[in-house]
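# Inside the fold
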Amino acid sequence: MLMKKILDNKNKAPLPSEEDARLIKTCVLLTLVLDVLERDIRILNASALKMPDLYVRSLTGVQQRVAVQLAETKARMKRQGVKIYKETRNHEGVEVLYVCRGYQKRFFMLSSFARSEVRRELGHYLGIDVTQSHSTV
């Protein structure tokens, strides 16, 4: 009987880890960053700016880099047995339900925190330190 318990425990998948949760958070944030970029590019294309194509090209370049990072994150999730099966966004935040090596898990991010993290992440891609205040001329 004891040997059966040991064998049963040996065959169980590893519990979800902090690394798995970080992958989920990264995937959610990069998806939100792509959505923000897509919206901003659409607005720039419809704007009356003198040279919107320059801004659009810049943001499109960032969009491509974010998409590559997201693809790499999803590939790593797949290798680690992590799969998102439901995402819900509303005014409260973003909720993600996922399976991690057979264990069902939930990830939730408040809207205010998500906005702050997306801003930080987008600033990173744009080479802007969002922690420093800017001065107007």
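If you're wondering where the values come from, they're calculated on a predicted model, not measured in any experiment. (Residues numbered from 1 in each chain as written. Predicted model: local features only at pLDDT ≥ 70, side-chain atom pairs only at ≥ 80, totals over all residues. Heavy atoms only, no water.)

### Side note on the nonpolar core
What counts here: The definition of a nonpolar core used throughout is a set of buried Ala, Val, Leu, Ile, Met, Phe, Trp, Tyr and Cys residues joined through side-chain atoms within 4.5 Å. Relative accessibility decides the category of a residue: with a 1.4 Å probe and only protein chains considered, values under 20% of the type maximum give buried, values over 50% give exposed, and everything between is partly exposed. Under the scheme used here, helices are H or I runs from DSSP no shorter than 4 residues and strands are E runs no shorter than 2 residues, and both carry numbers assigned from the N terminus.
Within the largest apolar cluster, 29 residues are counted, with the highest numbers of intra-cluster contacts made by Ile 24, Val 28, Leu 37, Val 66, Val 96, Tyr 98 and Phe 107. Secondary structure elements with two or more residues in this core: α2 (18-45), α3 (52-79), β2 (93-100), β3 (103-110) and α4 (111-126). It is α2 that provides the largest number of residues to this core, a total of 12 residues.

### Points about the confidence of the model for the protein chain
To keep things clear, this is the line we draw: Confidence of the predictor at the level of single residues is given by pLDDT, which spans 0 to 100. We call two residues in contact whenever any of their non-hydrogen atoms come within 4.5 Å of each other.
Residue-level pLDDT values for the protein chain average 88, and 88% of them are 70 or greater. Of the regions scoring below 50 in pLDDT, residues 1-7 engages in zero contacts with residues more than four places distant in sequence or in other chains.

### Remarks on the pattern of salt bridges
Going by this rule: Here, a salt bridge means any side-chain nitrogen of Lys or Arg that lies within 4 Å of a carboxyl oxygen of Asp or Glu.
Evaluated as defined, the whole model comprises 10 salt bridges. Glu 19 is the salt-bridge partner of Arg 76, the closest N and O atoms lying 3.1 Å from each other. Linking Arg 76 in helix α3 with Glu 19 in helix α2, this pair joins segments that are 57 residues apart in sequence. A relative accessible area of 36% places Arg 76 in the partly exposed class. On the basis of relative accessible area, Glu 19 is assigned to the partly exposed category, the value being 23%. For Asp 40, the salt bridge goes to Arg 39, with nearest N and O atoms at 3.3 Å. The class for Asp 40 is partly exposed, based on a relative accessible area of 25%. Its relative accessible area of 46% is what places Arg 39 among the partly exposed residues. Each of Lys 25, Glu 117, Arg 120 and Glu 121 takes part in one network of salt bridges that share partners.

### A closer look at the environment of Ile 24
By the secondary structure assignment, Ile 24 is in helix α2. Overall, the relative accessible area of 0% leaves Ile 24 in the buried class. Ignoring anything within four residues of it in the chain, the contact list for Ile 24 reads Met 77, Val 82, Ile 84, Val 96, Tyr 98 and Phe 107.

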